Amino acid sequence: MPSDAGRVRTVIVDDEAPARALLREYLSRHADLEVVAECMNGFEALKSIGERTPDLVFLDVQMPKLDGFEVLELLENPPAVVFVTAYDEYALKAFEVHAVDYLLKPVGRERFDEALERVRARLAGPPQPTAAPAALAAAARPPGQHLERVLVKDGANVHVIPVGRMDWARAQDDYVEIHSDGKSHLKQQTLADLAATLDPARFVRIHRSVVLNVERLARLELIAKDSRMAVLKDGRELPVSRAGYARLKELLG
Amino acid sequence: MHPLFVGRLRIAIYLGLWLAIAAMLAAQLANPARPFGQTLAFVVPLTLVYAFACLSAWWVCRSLPLASTSPTRLFTGLGGATLQASAAWVVLGGLWAAALGRLYNVPQNRPLLVHDLSFLAATGVALYLQSIAVHYLLLTVETARAAERRLLESQVTAREAELKALRAQLNPHFLFNSLNSISALTGSDPEAARRMCQGLGDFLRQSLALGARERVSLGEELALAERYLAIEQIRFGERLTVAREVEPGVERCAVPPLLIQPLIENAVKHGVADRVEGGTIRIEARRRGDQLEIAVENPRDPEAPPRRGQGMGLENVRRRLTALDPRRAGLDVTREPERFRVVVALPVVPFEPDVEATRAPRAAAARSPQPAAEGERHAV
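Residues numbered from 1 in each chain as written. Chains lettered and ligands numbered in written order. Predicted model: local features only at pLDDT ≥ 70, side-chain atom pairs only at ≥ 80, totals over all residues.

**Let's talk about the overall build of chain B**
When its secondary structure is counted, chain B shows twelve helices and seven strands. Here the contacts in chain B between residues at least 6 apart in sequence split such that 76% fall between residues at least 24 apart. (Helix = DSSP H or I, 4+ residues; strand = E, 2+ residues; numbered from the N terminus. Contact = placed C-beta atoms within 7 Å.)

**What to know about the pairing of strand β6 (residues 330–335) of chain B**
Residues and elements named next belong to chain B. Sparse coverage of β6 is indicated by the burial of zero of its six residues. Pairing of β6 with strand β7 (residues 339–347) involves six bridges; the strand directions are antiparallel. Residue pairing across strands places Leu331 opposite Val344, the latter belonging to β7. Here β6 hands over to β7 after three residues, the two strands then running antiparallel side by side. (Buried ≥ 20, exposed ≤ 12 C-beta atoms within 10 Å, placed from the backbone. Pairing = 2+ DSSP bridges.)

**A closer look at the interface of chain A and chain B**
Taken together, the contact between chain A and chain B spans 20 residues of the former and 22 residues of the latter. Counting only elements with at least two residues in the side of chain A that touches chain B, the list comes to α1 (17–28) and β7 (157–162) of chain A. Of the residues forming the side of chain A that touches chain B, the biggest block, six residues, is contributed by α1(A). Looking at the side of chain A that touches chain B residue by residue, the class counts come to twelve nonpolar, two polar and six charged. (Nonpolar A, V, L, I, M, F, W, Y, C, P; charged D, E, K, R; others polar.)

**Topic: the environment of Glu220(B)**
Summarising the element assignment, Glu220(B) is placed in helix α8 (residues 218–236). C-alpha separation for the pair Glu220(B) and Leu258(B), spaced 38 residues apart in sequence, amounts to 9.7 Å.

**Let's talk about the environment of Arg202(A)**
Residues and elements named next belong to chain A. Tracing the sequence through the fold places Arg202 in the loop between α7 (191–197) and β11 (203–207). On the basis of neighbour counts, which here come to 15 C-beta atoms within 10 Å, the residue Arg202 falls in the partly exposed class. It is 8.8 Å that separates the C-alpha atoms of Arg202 and Leu251, two residues lying 49 residues apart in sequence. Residue contacts for Arg202: discarding those within four places in its chain leaves Asn213 and Val214.

**A few points about helix α2 (residues 36–53) of chain B**
All names here are of chain B. Taking 1.5 Å of rise per residue, 18 residues should cover 26 Å, and α2 covers 26 Å from first to last C-alpha, within 8% of that figure. Listed as buried for α2 are Phe42, Val43, Leu46, Thr47 and Tyr50. What you see down the axis of α2 is that its buried residues fit within an arc of 110 degrees, all on one side. (Expected span 1.5 Å × (residues − 1). Arc of directions from axis to C-beta.)

**Digging into the sheet that holds strand β4 (residues 80–85) of chain A**
Residue and element names in this part refer to chain A. Judged by pairing direction, the sheet is parallel, and its five strands sit side by side in the order β2-β1-β3-β4-β5 without closing on themselves. The strands lining the two open edges of the sheet, one partner per strand, are β2 (33–39) and β5 (101–104). Across the sheet, the axes of successive neighbouring strands diverge by a mean angle of 20 degrees, strand direction being ignored. Relative to β5, β4 is paired through four bridges, and the arrangement is parallel. Residue pairing in the sheet places Val84 in a bridge with Leu103 of β5. Together, β1 (8–13), β2 and β3 (56–60) form the strand contacts of helix α2 (residues 42–52), whose direction differs from that of β2 by roughly 140 degrees. (Axes fitted to C-alpha atoms, helices over the stretch in contact; angles between N-to-C directions.)

**Some points on the packing of α8(B) against helix α9 (residues 261–273) of chain B**
Residue and element names in this part refer to chain B. With their axes 10 Å apart at the nearest point, α8 and α9 run at an angle of 20 degrees to one another. Considered as vectors, α8 and α9 are oriented roughly parallel to each other. Once α8 is placed against α9, the crossing between them reads as right-handed. Here Leu224, Ala225, Tyr228, Glu232 and Phe236 of α8 come into contact with α9, specifically with Gln261, Ile264, Val268 and Val272. (Parallel < 35°, antiparallel > 145°, perpendicular 65-115°, else oblique. Left-handed = near helix turned anticlockwise from the far one by under 90°.)

**Some points on the environment of Gln291(B)**
Residues and elements named next belong to chain B. Of note, Gln291 is situated in strand β5 (residues 291–299). With 14 C-beta atoms packed within 10 Å, Gln291 lands in the partly exposed category. Note: C-alpha distance between Gln291 and Arg328 (37 residues apart in sequence) is 8.0 Å. Aside from chain neighbours lying at most four places away, what touches Gln291 is Arg328, Ala345, Pro347 and Val348.

**Section: the sheet that holds β5(B)**
Residues and elements named next belong to chain B. Across the sheet, five strands lie side by side as β2-β4-β5-β7-β6; this open sheet has mixed pairing. Looking at the sheet topology across the chains shown, the edges are occupied by β2 (240–246) and β6. Adjacent strand axes in the sheet meet at a mean angle of 10 degrees, parallel and antiparallel pairs treated alike. Note: β5 against β7, nine bridges, orientation antiparallel. Within the sheet, the bridge partner assigned to Val296 lies in β7 and is Val342. On the sheet, α9 packs against β2, β4 (279–288), β5 and β7 and is oriented at approximately 20 degrees with respect to β5. Along the sheet face, helix α10 (residues 312–324) touches β6 and β7 and points at about 150 degrees away from the line of β6.

Shown next, in the form of structure tokens:
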């Protein structure tokens, strides 16, 4: 679908048909915008945005499978984002992930046009310094609330790993290797960033490069003075540093 | 710990009472054969010791509750305790008389001692029986107070649960999303927009009306759910389907208002809104003997993370049911990876609209508008 140079290529993501229709109608009055795709859920959005590389996306927050923030986290080069939701409690989080605007349903036309003005200003300005999306998502997590599932992009697929099923993870250069149900997944994130989002009552950094789900721990073995090995329930052995041992001891009492 | 020992004043009053008893006993035992001072020295310490011995009736009475102990067991238990206490007192009296005799250096007056001790035995039995009577009285008062407190507590819990349910009935996000849908339809299908406005108005009016009453019929509650689902149908389109299995006749059973509504809203949220393909919500109602069973079931996404506030709505429904009838009303939750089912059970009570009319004003007055914290309002 070739588009005129200068037109803002836009994707609408909302799981409710009337909500999509409303945005489409509002957008139709702006000749400089073009709707290139409409998506009904997070997976579709991810695929569509990856393929069409739009300039702008209207993103609902509460959706099946992946919520709006998770979609944003998984995008490598996210476009300008305007969140559209009935919930006002995500506003702060939205601006922390550099959303251009945050529209509350029911969306009024004037407010919508105002958001488009901001979009135009953002797109005309210098490129935004973008932090790593995963780091942004971590930063946007409200204090006291921990990650409930880890998302790993694998080509066109997304693996959703509930944190309870995550056994352990280790650092591999700029990636983390996440082990879950006997499989391993590579995710572009630092171990420190991942560890910061996990519930410290369930996950312990037992080594500079290893995070362990304490429920998987079978026993600790002393292999030399001051040097220990964690043995998991599936028999795997992982190194435990002295600081890691101290953290484990503190958690397990 | 005996309730007497909670305050010094109580102990003082109790001892004062026993000093008076001691004085009366001394007057009874006064004898020209010995100076009155010696009689006092004999009676007063013995009586005060017995004052504490009589407190043992507290534990005796507690171990033999009047309502649930057989007469034989009551008779032997109480009689045994009384005889033991009295016998111990007589023995102590004999020893004390011997000690006093040595102290005052008077020869033993055997007939006087036998008279004194047999008097002590009879008095000991009488006093201990008195103590038992007083302790049973105390226990009865205590039980009655505890029952009253429990009743008050359960009434407060029920009231709180009701208030929470009423606040939750106007889920603001449902309103926001519906208004957004209406706004969308206004452009594309004005007639549908008008229908939806009307549907939303009917739902709100009906839910306020039901919320102001103490009891509604299941039929009214289910009709409200239908209105709600019709509105959600516009938002979710084909993703939302509803299956109903309502036994004829159960609509005339009485239920607390807005008991089912939060379950339906939960079902739409988890069974439809959180699933790409949507799902079918099952609503069932049937009689099982003298119990009314209402089930709401929805499919669920096994990977969906637990949402904040989930479970609070269910907990509130559970509390309201417990307040209604702690033994026969309750909530049963089946949580499977792909399916979620809640079964509400409560005793069958026929709905009588006439009784309701007289009660309505009281319930409405209790429902003065209260600004709810954001977190509480969408707790369902």
